[in-house]
Each structure stands twice: as C-alpha cells, then as structure tokens.
Amino acid sequence: MGSFNQFRIWVLTICLVFQSGYGFYLPGSYPHKYGVGDPLSVKVNSLTSIDTEMPFSYYSLPFCQPEGGVKDSAENLGELLMGDRIENSPYLFKMYTNETEIFLCKSDPLSADDFKILKKRIDEMYQVNLILDNLPAIRYTKKEIYVLRWTGYPVGVKLQDDYYIFNHLKFNVLVHKYEEANMARVMGTGDAAEVIPSAGKGGSDVPGYMVVGFEVVPCSVVHNADSVKNLKKYGKYPNQVKCDPNTVSMPIKKGQPIVFTYEVTFEESDIKWPSRWDAYLKMEGSKVHWFSILNSLMVITFLAGIVLVIFLRTVRRDLTRYEELDKEAQAQMNEELSGWKLVVGDVFRAPTNPALLCIMVGNGVQILGMAVVTILFAALGFMSPASRGTLITGMLFFYMILGIAAGYVAVRLWRTIGCGDYKGWVSVSWKVACFFPGIAFLILTTLNFLLWGSHSTGAIPFSLFVILLLLWFCISVPLTLVGGYFGAKAPHIEYPVRTNQIPREIPSQRYPSWLLVLGAGTLPFGTLFIELFFIMSSIWMGRVYYVFGFLFIVMILLVVVCAEVSLVLTYMHLCVEDWKWWWKSFFASGSVAIYIFLYSINYLVFDLKSLSGPVSATLYLGYSLFMVLAIMLATGTVGFLSSFWFVHYLFSSVKLD
C-alpha cells in the first residue's frame, strides 16, 4: 500500500512538470473582491522600448500627474533589478460603473525640451505600461486575419513629418462575479489587501466582482484646449469624444498644451480569477518546443551510444582480458601497453593553475544548482507572473544559499589535487566567494554608469547597490566559508594510482587538441539553440516566457549532453597519451558558451535590427557576456566532474605498478 502511494506521488509530480510546459502556474495571491462603486486605481510602470532596451519613468514625459503627487509602490529586489518603477497614476475607476468623456488634465504648453523628448520617445517606439489589480493593460490589433496581443500602448506615432500623441484612452475592464464558496473574502485594493476568513454559510449578500481582464485602446483625438479652462479633474468633457484607433488627429506642437481624456467600460466575463493570466501566457508553437526536446534526445542517444561502446567494448574488454592473465603475463603486458594505459603514472598529475580550476568548478556548482532549483520552482508554478520580480529575487536567494555547496566542492577538490593538504583552503573559499560575483559586479557597474548617464530607470539605485554588497559580504561570503570549512574537514578523494615523479612526454598530435575542445561545444549548443530563441525573445522583445516546464526538461538534457561530450573527449585524449585532461574536460562542455555568445551577436544583427544607438548595443552585449560567463562555468563544471568520475573509475579498475 505504501509503495502504491509513493507511485501516485511520483505520477502527480511528473504530471505537474509536464503540465507546466503549457503554462501551469499557481496564482500566487488572493483575489480582490470589489463591491459595485468601489474605487479602482490604475498604476503605471516604466516606459519600455525594444529599440533601446532602456526603461524610463512614466513621469519623465509631460503626462498628467495624480492628485497628492507621485508615490512609488512597494517593490521587491527583483523588480528594482529589472528596471520596474511602479507608481500611482491619475486614472481612477469605479467598479462596474461605465464612464465616458472623463477630463483628466491639460498639460502646460510644451517647452522646447518637452517637445524634443516627446518626439524622441515616439521615434524610439516607447510603450506606456499600465497596471490594474496587478494585471498589465493588454492591447489587441488586427493584421489581415490575425489578432495580435500587446502589453501596453505606444506613446504616439509618427506619420510623414508629424508626430501624434495618444491622448485619449478607452479602457475595457473584464470582471467576474465573486464566488464565495471555499474562498477567503478579500477586501481592499492594490497592495493593501486585507484577508478576512469567510464567516457563516451564507456569506455576504452584497454582490462583489473580481478583475479578470484589463484592455486598452489608445486614440489620438483633437481636443479644444479653451473649453476645459474651468473644468476640474474627472469632470465631464463638454464635447463628444469619438475614439477611432485607426486614425490619428492630435499632433504635438511646441508651445501648445495637450488635453488628456479617458473612458471606461466594464464587461462581465466567463474568465475565472485563476485563469486571468492566460491571455498573457498563451505561448503558441508548443510543437516547436517538443521538436527542440526531440532534437536534444537524438543528440543524447547518439552520444550515449558512443559512451556505451567506450565502456562495454573497449574499457571492459581490456580490463577483463588483463585480469585473466597471471602475474608474469601481466608484467609482460605492462611493457606492451598502449593508449590510455600508458598514462597511468601521469593521469592524476596536478593541472596548471589548480586553484583557479577549483574556484571555477565551485562557482559552476553554485550557478548550476541555482538554475536547477529556480527553474524547478518556476515550472511547478511557485513564481507566478502575478508576482513581479520573484524570479530574479529567487535566483539571488538560491545563489546565496548555495554558497555552502560552492565552498565545499572547491575546497574538497583543492585538497584532492593537493593529496589531502589543508593549506590554503581559506584562500580558496574567499576566492570562490568573490570570483563570479566580482566579475558580475564589474560588468553590471560599468553598464549601470551608462544607464545613469541616460537617466534610465533601469539604472540600479545607489541604495540598492549597498544592499547587494551587504547581501554579498554578509550572507554569501560567510556561507561559502562555512562550506569550505566542511570541505576541509571531509576526507579528500584518494587517487587509485600513484603519480610518477617525472612527467611523461606527450606525443605530437596530428591536430591541435584545442580544436577538438572548441568543436565539442557544438553538440550541447544543438540541444539548446531552439529554446534559446524563445528566451532571448522574452528578455529583449518584451514577450512573456512561461514555459518553464519545457525549459527544465531542456536543461536536464543539456546537463546529460555536456557530461557525455566531456567524457568522450577525455577518453579520446587519454587514448592518444595526452594526460593533460583537467582543463580540456572543463572547456569541452564549457565551450558551448562561445556558440551562445555568437548566437547573441547573430540575434542582435538579424532580430534586433531596430536597436538604436551604441549605448543600447553595449548594454545588450554586456548582459550577454554576463549570461555567457555563467553558462560557461555551469556547463564546464558538469563536464569536468563527469570526466573526473570517469577517469577515477577507469584507473581504479587497473592495478598497474
């Protein structure tokens, strides 16, 4: 009976992971119940553009300001690092109350600077991002027979030599009747929701509604500025406003004010609250993801066949034949050895720069562990898109916690290479704690200066820099030192054979070994490149990526391919009497990073053609370099550890003097 229950749990877990390939997620927060007439407040996020990849504050443009001034919403670490700046807005609704021709404000006459920056933002195709009840505003456009979905709406549009601004917004809020059964009553709005357990069987008789959709249609409408001189905010605009999204009629001119208006309608929908994010998470082309996985499986099967041949036909055959001989025959055979058996006295000779290898392997374990745990949690739905910034925050948290694993692996490997010597383990631990974070800090600081110079909200504030440094030195570094301490106390891995005092000369090779190492990266890249396109589009084209189930499967396949590639290459090097396998096994799988960086450049040239300016291109390449470095350390570590296990297993089966 117990085994049956265990089986059921495993089946459920597997179903959850595969279901997550289609966007399964846990909602991540309680629904908010609003009574008819309750106030709804719209929030604004940073202006974004796929042309520059530099976000700017909504109020950097001459838009209407809310009464009581601009106030920042509470933001987590991930949101700040992503460049999100969520603030209150002047747009106010009343639940299930349709309103038309609402006057918002009349801006001051456009100064030369305002006119210039407005034209620049329109040229750079900046989008306004509005949020209602944690849902981003979505816009639908028709192109021939297709309906396209966009989050946000453009600041304006340029036709011929004139610039037009979208100064009238038509909102459509989809609502669903609140279902009391088996749910907690949630009262309040925005970030200050108060959860109140349901009392009694009947619940409340007052009808309540939940927001399940937020649509916007931007229009450019000519308003009479003189007719609103004495009109108060949220007053009724005196003339009828016709909102036609296919025509624009409000040009911006220097020295002239802009009048802003809006209207809102409410529509009851069949969409239930847990499904309200489906419109954003619909990911067409799931067949492409399955094709990517099938492609990876073919590569794995091919490599697994080679590994099987190496183990069963070559290694096992040699070992079996060797063990069947008597001592005299073994001594005679020792003189006639060839291939990998000749390097038995050198195979565990310490590599050049052993400390650097240990540091990179430690960092690789930390990054790989962070990636696996984060993607697994996201695939199971614990990092909902409704909770902005949780993915980045989760990655930082798991990276810091896994400092223990990084310190442990690096120091234990250091002691193994030093044949059990404790000396220098503190230094190795410190370097592990500072190597990758130090390089990341250098890259991000350089890019941050560029963003600061451009007055972008993507720039990390100084206070956040201080917080990141405190997290680094007060949490990550101590945990890495603790891991190093446990690594120093743990018994080192003993080599199965002795190392000769005089190193054996490596025969000259027909082809340089580094050429083979660089070429090996093509196989792991082949398992990854299809999914890489979707990830790049999510990061740089503003598309929502939420097929973490597929990503988790692809990542597991990538780890398997990296291990197999490195193992095969290590065996090939040993067969030609090349005993310097340590670094080669690391870069055999780590060289996939080179191909990913080349793919990033290809993506910049062919898919981000509209990316404007050297600053934007530098930001793109800087972030790509940061990503590629992390991938190199993670994949290289997989290759090295699998090769180390293989070599240790191979020579522990051979008893040669």
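Being a predicted model, the structure only gives us computed values, none of them experimental.

Which residues make up the overall build of the protein chain, and what values go with them?
Helices and strands together make up the secondary structure of the protein chain, namely 17 helices and 17 strands. Evaluated residue by residue, the protein chain yields a buried proportion of 48% over its 657 residues. By sequence separation, contacts in the protein chain at least 24 residues apart represent 84% of the contacts at least 6 residues apart. Just so you have it, the protein chain exposes about 32,300 Å², and 63% of that area is on carbon and sulfur atoms.

I'd love a proper account of the state of the cysteines, names of residues and values included.
The tally for this structure, following the rule as stated, stands at two disulfides. In this model, Cys64 is linked to Cys105 through a disulfide, with the two sulfur atoms separated by 1.8 Å. Measuring the twist about the S-S bond at about -85°, one finds the Cys64-Cys105 disulfide to be left-handed. In this pair, Cys64 is assigned in the loop between β2 (39-44) and α2 (77-81) and Cys105 in strand β4 (residues 99-106), connecting sequence segments 41 residues apart. In terms of burial, Cys64 and Cys105 fall into one category: buried. Residue pairing for Cys219: its cysteine sulfur links by disulfide to Cys243, the two sulfurs lying 1.7 Å apart. When the S-S torsion is 65°, as for the bridge of Cys219 with Cys243, the disulfide is right-handed. Here the residue Cys219 occupies a position in strand β16 (residues 208-219), and Cys243 occupies one in the loop between β16 and β17 (259-268), the gap between them amounting to 24 residues. The disulfide pattern of the protein chain is 1-2, 3-4 when the bonded cysteines are numbered in sequence order.

Lay out the sheet that holds strand β7 (residues 135-136) in plain terms, naming residues and giving numbers.
Across the sheet, which stays open at both edges, the four strands sit in the order β3-β2-β6-β7 with antiparallel pairing between neighbours. Pairing within the sheet leaves two strands with one partner each, and these edge strands are β3 (87-94) and β7.

Got a sec to walk through helix α16 (residues 592-606)? Specific residues and values, please.
Counted at 1.5 Å a residue, the expected span for α16 with its 15 residues is 21 Å, and the 21 Å between its end C-alpha atoms agrees. Every buried residue of α16 is listed here: Val592, Ala593, Ile596, Tyr599, Ser600, Tyr603 and Leu604. Relative to the axis of α16, the buried residues are bounded by an arc of 145° and lie together on one face. Those residues of α16 hidden inside the fold are in contact with α13 (522-540), α15 (582-590) and α17 (614-652).

How would you sum up the side chain of Ser600? Please name residues and give values.
Looking at where Ser600 falls in the secondary structure, it is placed in helix α16. Beyond its immediate chain neighbours, meaning those up to four positions away, Ser600 contacts Met536, Tyr620, Ser624 and Met627.

Give me a nonpolar patch on the surface: which residues, what numbers.
A contiguous nonpolar surface patch, about 830 Å² in accessible area, is contributed by Trp514, Leu515, Leu518, Ile594, Leu598, Ile601, Val605, Phe606 and Leu621. Where the nonpolar patch is concerned, the elements lending two or more residues are α12 (513-520) and α16. Counting residues per element, the nonpolar patch draws most heavily on α16, at five residues. Here Phe606 lies in helix α16.

So what about the packing of aromatic side chains? Which residues, and what values?
Across all of its chains, the model carries 41 aromatic pairs by this definition. Ring centres 5.4 Å apart and planes at 40° place the aromatic pair Phe377 and Phe398 in the tilted group. Here Phe398 lies in helix α8 (residues 390-401) and Phe377 lies in helix α7 (residues 354-379), a separation of 21 residues in the sequence. Of the residues examined, Phe377 reaches a relative accessible area of 34% and is grouped as partly exposed. Between Trp583 and Phe587, the ring centres sit 5.8 Å apart and the planes meet at 20°, which makes this aromatic pair stacked. Taken together, the residues span about one helical turn, with Trp583 and Phe587 both in helix α15 at a distance of four residues. For Phe587, a relative accessible area of 32% translates into the label partly exposed. For Arg121, the ring lying beneath its charged end belongs to Phe56, and the centroid distance is 3.9 Å.

Can you break down unusual backbone geometry residue by residue, with the values?
We note that Glu101 has phi near 50°; this positive angle belongs to a residue other than glycine. The backbone phi angle of His455 is positive, close to 55°, even though this residue is not glycine. Structurally, the position occupied by His455 is in the loop between α10 (425-453) and α11 (462-489). The exposure class of His455 is exposed, given its relative accessible area of 67%.

If you had to explain the packing of α7 against α17 to someone new, which residues and values would you point to?
Across the interface, α7 lies against α17 with an axial gap of 7 Å and an inter-helix angle of 105°. Considered as vectors, α7 and α17 are oriented roughly perpendicular to each other. Residues Leu357, Met360, Val361, Asn363, Gly364, Val365, Ile367 and Leu368 of α7 pack against Ala630, Met632, Leu633, Ala634, Thr637, Val638, Phe640 and Leu641 of α17. Residues that form the contact of α7 with α17 fall into these classes: 13 nonpolar, three polar and no charged.

Help me get a handle on the nonpolar core, residues and values and all.
In this structure, Leu574, Phe640 and Phe651 are the most contacted members of the largest nonpolar core, which totals 84 residues. Ranked by residue count, the leading element in this core is helix α14 (residues 548-575), at 18 residues. One finds Cys64, Ile122, Val216 and Ile443 within the second-largest nonpolar core, a separate group that totals 57 residues.

Outline the side chain of Lys584, supporting the account with residue identities and numerical values.
Relative to the assigned elements, Lys584 resides in helix α15. Apart from the residues within four sequence positions on either side, Lys584 is in contact with Ser513, Val517, His573 and Asp578.

Break down the packing of α13 against α14 for me, citing the residues and quoting the values.
In contact at an axis separation of 8 Å, α13 and α14 are set at 160° when each is read in the N-to-C sense. Taken as axis vectors, α13 and α14 run roughly antiparallel relative to one another. Of the two possible hands of crossing, α13 and α14 adopt the one that is left-handed. Residues Leu523, Pro524, Thr527, Leu528, Glu531 and Ile535 of α13 form the contact with α14, whose own contacting residues are Phe550, Leu551, Val554, Leu558, Val561, Cys562 and Val565. Of the residues belonging to the contact of α13 with α14, the class tally is eleven nonpolar, one polar and one charged.

Give a description of the environment of Ile556 that names residues and reports values.
With respect to the helices, strands and loops of the structure, Ile556 is situated in helix α14. Sequence-wise, Ile556 and Val372 are 184 residues apart; in three dimensions their C-alpha atoms are separated by 8.4 Å.

What counts as what
Residues numbered from 1 in each chain as written. Predicted model: local features only at pLDDT ≥ 70, side-chain atom pairs only at ≥ 80, totals over all residues. Heavy atoms only, no water. Helix = DSSP H or I, 4+ residues; strand = E, 2+ residues; numbered from the N terminus. Buried < 20%, exposed > 50% of the residue type's maximum accessible area, 1.4 Å probe, protein only. Contact = heavy atoms within 4.5 Å. Areas by Shrake-Rupley, 256 points an atom, 1.4 Å probe, with all protein chains shown as cover. Disulfide = S-S within 2.5 Å. Pairing = 2+ DSSP bridges. Expected span 1.5 Å × (residues − 1). Arc of directions from axis to C-beta. Patch = residues over 30% accessible without salt bridge, like charges linked within 9 Å, V, L, I, M, F, W, Y side chains within 5 Å. Salt bridge = Lys/Arg side-chain N within 4 Å of Asp/Glu carboxyl O. Phe/Tyr/Trp six-rings, centres within 6.5 Å; stacked < 30°, edge-to-face > 60°. Lys NZ or Arg CZ within 6 Å of the ring centre and 35° of its normal. Axes fitted to C-alpha atoms, helices over the stretch in contact; angles between N-to-C directions. Parallel < 35°, antiparallel > 145°, perpendicular 65-115°, else oblique. Nonpolar A, V, L, I, M, F, W, Y, C, P; charged D, E, K, R; others polar. Core = buried A, V, L, I, M, F, W, Y, C linked by side-chain atoms within 4.5 Å. Left-handed = near helix turned anticlockwise from the far one by under 90°.

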